[in-house]
Amino acid sequence: MTAPAKPEPNRTDFAARLVAWYDRHHRRLPWRVAPGERARGLRALPYRVWLSEIMLQQTTVAAVKPYYERFLRDWPDVESLAAAEREAVMKAWAGLGYYSRARNLKKCAEEVVARHDGVFPADVAALRALPGIGAYTSAAIAAIAFDIPVAVVDGNVERVVTRHAAIEAPVATVKKDIAAIVERWLPAERPGDFAQAMMDLGATICTPRAPACALCPVSADCAAFAAGEAERYPVKPAKVAKPVRTGAAFVAERADGAVLLRKRGETGLLAGMSEVPTSAWSARTNGADGIEAAPFAAGWRAAGEIRHVFTHFELRLAVYHARFDDDAPAGHWWSPRHLVHGEALPTVMKKAIETAIPGATKKPTVTGASL
DNA sequence: TAGACGTGGGT
DNA sequence: TACCCAAGTCT
């Protein structure tokens, strides 16, 4: 990018307006750090900031809340998480998506305990070296948990900055420039609250669509606002069509209602999660993916079809259902009906099971006959 | 560096 | 319905 035509606001000016706004309008969130907490150096604080930051990667606040509460309840500190069964962590993460986060979460907890004496390092580079912690998350933890003055740049901040400076270049090509601008705005006082203020501004005022510029504390020197085209930024590349893959899922049900499951591999899509048996997911939109792909002979009958959209492709699955009363084949297990809801099942697999056996993935009630 | 990697909610 | 997108990381 080129230098803005107008002089940038000095750091005191921009940060003062923003933090003053934050003091009045900040969001109340379960993991939010109150200034008093940080001042007291609460030992559990870095753990809570880290946990919430990992969960919030590419994930909405509303989706994260129940997961965050449950994790904090089951594993209140980094030692308990490091000592947890990996399978229990995967089960607790099921439904949140991007499952490599859960695997790295566990690995990171183990490393903090083994290599850092159970204490998160108050250092950007050391944080960055931990599994699952990248450029954004290392800076966010440093700023929010330790009040270290560092530029924290997430999608919200990119939007605020590209609008404020009217940056025309695609955002992917100007990451360094954006960080440099944030550095210049960074205040010496309350850098952690400044970081959270930037993100809150992006989330509540400087929104992707229909930004509330009339309420913005830094609109006075915003180039995009001055030009009346805030919504045009950040400039993004054209989208590409998602390919379609097809396959079949086989839901085997035992007489007592148990469901046959197996484990997915350790790498790739949905790695380390559980599933019902499925065919390979081909790129064809029609053809051989059908009942002939069944993993074993049984009275398979068509139960319906599901469509599930992943980040980079769309999946259409024909769902088959059968009664099957033998022992579980090698590598499979029978999950008792009342435990299915707690299995490490990704959403796409819960959809498949629900299509064959409505209600099977719901948590049973105490009055349920299945108990 | 570009592609892989999930999901649910809003419009 | 279809599309957009939400506090990114890893390879």
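Residues numbered from 1 in each chain as written. Chains lettered and ligands numbered in written order. Predicted model: local features only at pLDDT ≥ 70, side-chain atom pairs only at ≥ 80, totals over all residues. Heavy atoms only, no water.

By the naming in an unreviewed UniProt entry, chain A is Adenine DNA glycosylase, taken from Nitratireductor arenosus. Note on chain A: under the UniProt heading Function (unreviewed entry), the record states "Adenine glycosylase active on G-A mispairs. MutY also corrects error-prone DNA synthesis past GO lesions which are due to the oxidatively damaged form of guanine: 7,8-dihydro-8-oxoguanine (8-oxo-dGTP)." In the Sequence similarities (unreviewed entry) part of its UniProt record, chain A is described as follows: "Belongs to the Nth/MutY family." (UniProt positions renumbered as here; feature names shortened; annotations may be inferred.)

The helix and strand tally for chain A stands at 14 helices and six strands. In chain A, which comprises 371 residues, the share counted as buried stands at 48%. Within chain A, residue pairs in contact and separated by at least 24 positions form 68% of the contacts whose partners lie at least 6 positions apart. When the accessible surface of chain A is split by element, carbon and sulfur atoms take 55% of a total near 17700 Å². Treating the 48 positive side-chain charges of chain A as one cloud and the 40 negative ones as another, the clouds have centres 3 Å apart. (Helix = DSSP H or I, 4+ residues; strand = E, 2+ residues; numbered from the N terminus. Buried < 20%, exposed > 50% of the residue type's maximum accessible area, 1.4 Å probe, protein only. Contact = heavy atoms within 4.5 Å. Areas by Shrake-Rupley, 256 points an atom, 1.4 Å probe, with all protein chains shown as cover. Lys, Arg positive; Asp, Glu negative; His and termini not counted. Charge placed at Lys NZ, Arg CZ, Asp CG, Glu CD.)

Tallied over the full model, the rule gives 13 aromatic pairs. With a centroid separation of 5.7 Å and 90° between ring planes, the pair formed by Phe 71 and Trp 93 is classed as edge-to-face. Remark: Trp 93 occurs in helix α6 (residues 86–93) and Phe 71 occurs in helix α4 (residues 61–74); sequence separation between them is 22 residues. No difference in accessibility class separates Phe 71 from Trp 93, as the two residues are buried. An aromatic cluster of at least three residues, connected via ring pairs, comprises Phe 250, Phe 296, Trp 300, Tyr 320, Phe 324 and Trp 334. Residue placement shows Arg 245 over the ring face of Phe 313; its charged tip is 3.8 Å from the ring centre. (Phe/Tyr/Trp six-rings, centres within 6.5 Å; stacked < 30°, edge-to-face > 60°. Lys NZ or Arg CZ within 6 Å of the ring centre and 35° of its normal.)

Bringing the protein's contact with DNA strand B into the picture now. Taken together, the neighbourhood of DNA strand B is formed by 18 residues, with Leu 270, His 308, Thr 311, His 312 and Thr 347 sitting nearest. Close to the protein, within 4 Å, the atoms of DNA strand B belong to sugar or phosphate groups at a rate of 63%. In this structure, Leu 96 approaches DNA strand B through a main-chain N or O atom, which is 3.4 Å from a base nitrogen. A distance of 2.7 Å separates a phosphate oxygen of DNA strand B from a polar atom in the side chain of His 308. (Near = heavy atom within 4 Å. Polar contact = N/O pair within 3.5 Å; in protein donor to acceptor, adjacent residues only side chain to side chain.)

On to helix α10 (residues 155–164), then. Burial analysis of α10 places nine of its 10 residues in the buried class, the great majority of the element. Looking at where α10 begins, the residue whose side-chain oxygen comes 3.1 Å from the main-chain nitrogen of Asn 156 is Asp 154. In the stretch just after α10, Ala 166 is the one whose phi turns positive, near 50°.

Okay, the UniProt feature "domain: HhH-GPD" (unreviewed entry) in chain A next. Per the UniProt record, "domain: HhH-GPD" (unreviewed entry) is annotated on residues 55–204. As a span, residues 55–204 carries 66% helix and 0% strand, and end to end its C-alpha atoms are 19 Å apart.

In terms of domains, chain A is made up of domain 1 (11–232) and domain 2 (244–356). Relative placement of domain 1 and domain 2: their C-alpha centres are 36 Å apart. For the pair domain 1 and domain 2, the two sides together bury roughly 860 Å², of which 47% comes from carbon and sulfur. Per-residue buried area on domain 1 facing domain 2 is highest for Lys 91, Tyr 99 and Arg 103; these three make up 45% of the total on that side. Across the pair Glu 87 and Lys 263 runs a salt bridge, and its minimum N-O distance is 2.3 Å. (Domains from an automatic or database assignment. Buried area = accessible area lost by both parts, 1.4 Å probe. Salt bridge = Lys/Arg side-chain N within 4 Å of Asp/Glu carboxyl O.)

What follows is about the nonpolar core. Within soluble globular proteins, side chains that are nonpolar generally end up buried alongside one another. The biggest cluster of nonpolar side chains holds 98 residues, and the ones touching the most others in it are Trp 50, Phe 194 and Met 198. Sort the elements by how many residues they give to this core and helix α9 (residues 135–146) lands first, with eight residues. Summarising the domain contributions, this core has at least three residues from each of domain 1 (11–232) and domain 2 (244–356). Discounting residues that sit within four places of it in the chain, Met 198 has contacts with Phe 14, Leu 18, Asn 156, Val 157, Val 160, Val 161, Val 182 and Trp 185. (Core = buried A, V, L, I, M, F, W, Y, C linked by side-chain atoms within 4.5 Å.)

Residue Pro 234 follows Tyr 233 across a cis peptide bond; omega there is -5°. Assignment of secondary structure puts Pro 234 in the loop between α13 (223–226) and β1 (244–253). A positive phi angle, near 45°, is found at Tyr 98, a position not held by glycine. Here Tyr 98 is to be found in the loop between α6 and α7 (100–116). At Leu 270, a residue that is not glycine, the phi angle is positive and equals roughly 55°. On the secondary structure map, Leu 270 appears in the loop between β2 (259–263) and β3 (274–275). Classification of Leu 270 as buried rests on a relative accessible area of 9%.

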